[in-house]
Amino acid sequence: MGNARLQSIHVHPVKALRSLALREAVVEPWGLTGDRRWMLIDDGGKVVTQRRQPRLALAAAEFLPGGGVRLSAPGREPLTVPVPRAVGTVVVQIFRDKVDALPAEGDAVHAWCSAFLGTDVRLVYLDDPATRRPVDPRYALPGETVSFADGFPLLLTATASLDALNSLIAEGEHADEGPLPMNRFRPNVVVSGTDAWAEDGWSRVAVGEVDFRVAKPCGRCVVATTDQGTAERGREPLHSLGRHRRLDGGLVFGQNLIPVGRGTIRVGDPVRIVE
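Residues numbered from 1 in each chain as written. Predicted model: local features only at pLDDT ≥ 70, side-chain atom pairs only at ≥ 80, totals over all residues. Heavy atoms only, no water.

Enquirer: Can you explain the overall build of the protein chain? Please cite residues and give values.
Expert: Along its length, the protein chain carries three helices and 20 strands. In summary, the protein chain has a C-alpha radius of gyration of 18 Å against a globular reference of 19 Å for 275 residues, a match within 12%. Considering the protein chain as a whole, with its 275 residues, one finds that 52% of them fall into the buried category. In the protein chain, of all internal contacts separated by at least 6 residues, the share reaching a separation of at least 24 is 70%. Side chains of the protein chain give 33 positive and 33 negative charges; the mean places of these two sets differ by 2 Å. (Helix = DSSP H or I, 4+ residues; strand = E, 2+ residues; numbered from the N terminus. Rg over C-alpha atoms; globule rule 2.2 N^0.38 Å. Buried < 20%, exposed > 50% of the residue type's maximum accessible area, 1.4 Å probe, protein only. Contact = heavy atoms within 4.5 Å. Lys, Arg positive; Asp, Glu negative; His and termini not counted. Charge placed at Lys NZ, Arg CZ, Asp CG, Glu CD.)

Structure follows, in structure tokens:
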């Protein structure tokens, strides 16, 4: 582990849209600054992700000063969306959680998103990540919160584990779908210089100046079968994970992290296993 390094950092300004690669990022208690502070909801207030709408992989969001985003997608003119004023929240549902959020201001924003997906959706903003959404208490300490991420502040993956998974895919009946890139797994931090699956044994890890608790392995869903460049779906990696990486009824790849402190992480930072 002496050569383990932070290979890349990724954030997702709007949940389920394309990721952005950064050279450095600030770690806040609920995740990397700006990661998944925006998301789409349907007309019933439920989160819309690539599970239902793989086409979201083709859309992108860039950060704007102050927390706003600039949306872009094929066939659409780019659209600037400022952080909404705190004039009243709506209750949204993200999986099992109900969370207060601010709707984006102006009908044009919702019309833009709805036209791209061909169904009625709205864009909402998490205005207060420090209080709005607790982390699952089975894995968290009191007061720990999370953004609009699936369940935990950060997701870590390892290049050696992806190499091992791609070797399993190459030996299987859907070998033509591999090798898969890391963006299939939509991580926040990617670590190099470890043994394959070494992260399974970690309980606390330090990335540069910031410590993290390892909460639990990350269960994978149909999103991992979605080509992030074309939005087309295949059978892998779920087929191979189902044969080789099944844990407690789930198919796992990567580890969910909860920050122990604040700080800045940078590409190239050393990664240490604390325990």
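From this point, things continue past the structure.
Enquirer: Which residues make up empty space enclosed by the protein, and what values do they have?
Expert: Remark: the empty space left among the atoms is shown by a probe the size of a water molecule rolled over them. In the structure shown here, the tally under the stated rule is one cavity of 30 Å³ or more. Size it by volume and the largest cavity reaches roughly 80 Å³. At four residues, the largest contribution of residues to the lining of the largest cavity is made by helix 1 (residues 107-117). In terms of residue class, the lining of the largest cavity is built from eleven nonpolar, no polar and no charged. (1 Å grid on protein atoms, 1.4 Å probe; cavity = no way out; pocket = protein on both sides within 12 Å on 5 of 7 lines; lining within 4 Å. Points joined across faces, edges and corners; volume = space filled by probe spheres on them. Nonpolar A, V, L, I, M, F, W, Y, C, P; charged D, E, K, R; others polar.)

Enquirer: Could you give an account of unusual backbone geometry, naming the residues involved and the relevant values?
Expert: The amide bond that connects Gly178 to the next residue, Pro179, takes the cis arrangement and shows omega of -5°. The residue Pro179 is located in the loop between helix 2 (159-170) and strand 14 (189-192) in this model. Its identity as a non-glycine residue notwithstanding, Arg36 has a phi of 55°, on the positive side. Position of Arg36 among the secondary structure elements: in the loop between strand 4 (31-32) and strand 5 (38-42). Phi is positive for Ala231, close to 70°, though the residue is something other than glycine. On the secondary structure map, Ala231 appears in the loop between strand 16 (210-219) and helix 3 (238-244).

Enquirer: Explain the side chain of Thr225 to me, using residue names and the numbers behind them.
Expert: Assignment of secondary structure puts Thr225 in the loop between strand 16 and helix 3. Looking at Thr225, its side chain comes within polar contact range of the main-chain oxygen of Val222, at 2.6 Å. Apart from residues no more than four positions distant in its own chain, Thr225 is found in contact with Arg184, Glu232, Arg233, Gly234, Arg235, Glu236, Pro237 and Leu238. (Polar contact = N/O pair within 3.5 Å; in protein donor to acceptor, adjacent residues only side chain to side chain.)

Enquirer: Would you mind going over helix 2 in detail, with residue names and values included?
Expert: Taking 1.5 Å as the rise per residue, helix 2 with twelve residues should run 16 Å; its terminal C-alpha atoms sit 16 Å apart, in good agreement. The complete set of buried residues in helix 2 reads Thr159, Ala160, Ser161, Leu162, Ala164, Leu165, Asn166 and Ile169. Buried residues along helix 2 sit in contact with strand 1 (5-11), strand 13 (154-158), strand 14, helix 3 and strand 18 (250-259). (Expected span 1.5 Å × (residues − 1).)

Enquirer: I'd like a description of the layout of surface pockets, backed by residues and values.
Expert: The volume enclosed by the largest pocket comes to roughly 1,200 Å³. Looking at the largest pocket, it is lined by 41 residues, and the ones nearest its centre are Arg51, Asp150, Gly151, Phe152 and Gly219. Going through the elements one at a time, strand 13, strand 16 and strand 18 are the ones with two or more residues in the lining of the largest pocket. The leading source of residues in the lining of the largest pocket is strand 16, at four residues.

Enquirer: Account for helix 1, naming residues and giving values.
Expert: Taken residue by residue, helix 1 has Val109, His110, Trp112, Cys113, Ser114, Phe116 and Leu117 as its buried positions. On the buried face of helix 1, the contacting elements are strand 5, strand 6 (47-48), strand 8 (69-73), strand 9 (76-81) and strand 12 (121-125).

Enquirer: How would you sum up the pattern of salt bridges? Please name residues and give values.
Expert: Across all of its chains, the model carries 14 salt bridges by this definition. Salt-bridge contacts for Arg51 lead to Asp150; the nearest nitrogen and oxygen are separated by 3.0 Å. Highlighted residues: Arg51 in the loop between strand 6 and strand 7 (60-63) and Asp150 in the loop between strand 12 and strand 13, separated in sequence by 99 residues. Note on Arg51: relative accessible area 31%, which makes it partly exposed. Look at Asp150 and you get partly exposed, because its relative accessible area is 40%. Between Glu105 and Arg85 there is a salt bridge, with its nearest N and O atoms 3.0 Å apart. A residue pair is termed long-range when its members are at least 10 positions apart, and Glu105 in the loop between strand 11 (97-103) and helix 1 and Arg85 in the loop between strand 9 and strand 10 (90-94) qualify at 20 residues. (Salt bridge = Lys/Arg side-chain N within 4 Å of Asp/Glu carboxyl O.)

Enquirer: I'd like a description of the sheet that holds strand 3 (residues 24-28), backed by residues and values.
Expert: Taken in spatial order, the three strands of this open sheet run 4-3-19, and their pairing is antiparallel. Two strands lie at the open edges of the sheet, namely strand 4 and strand 19 (263-266), each paired on one side alone. Pairing of strand 3 with strand 19 involves four bridges; the strand directions are antiparallel. Across the sheet, residue Glu24 finds its bridge partner in strand 19, namely Arg266. (Pairing = 2+ DSSP bridges.)

Enquirer: Tell me about the packing of aromatic side chains, and please be specific about residues and values.
Expert: Applying the stated criterion across every chain yields a total of four aromatic pairs. Ring geometry for Trp38 versus Tyr125: centroids 4.7 Å apart, planes at 50°, classification tilted. You can see Trp38 sitting in strand 5 and its partner Tyr125 sitting in strand 12, a full 87 residues away along the chain. The exposure class of Trp38 is buried, given its relative accessible area of 1%. Of the aromatic side chains, those joined through ring pairs into one cluster are Phe185, Trp197 and Phe253. Above the plane of the ring of Trp197 lies Arg245, whose end atom (NZ or CZ) is 3.9 Å from the centre. (Phe/Tyr/Trp six-rings, centres within 6.5 Å; stacked < 30°, edge-to-face > 60°. Lys NZ or Arg CZ within 6 Å of the ring centre and 35° of its normal.)

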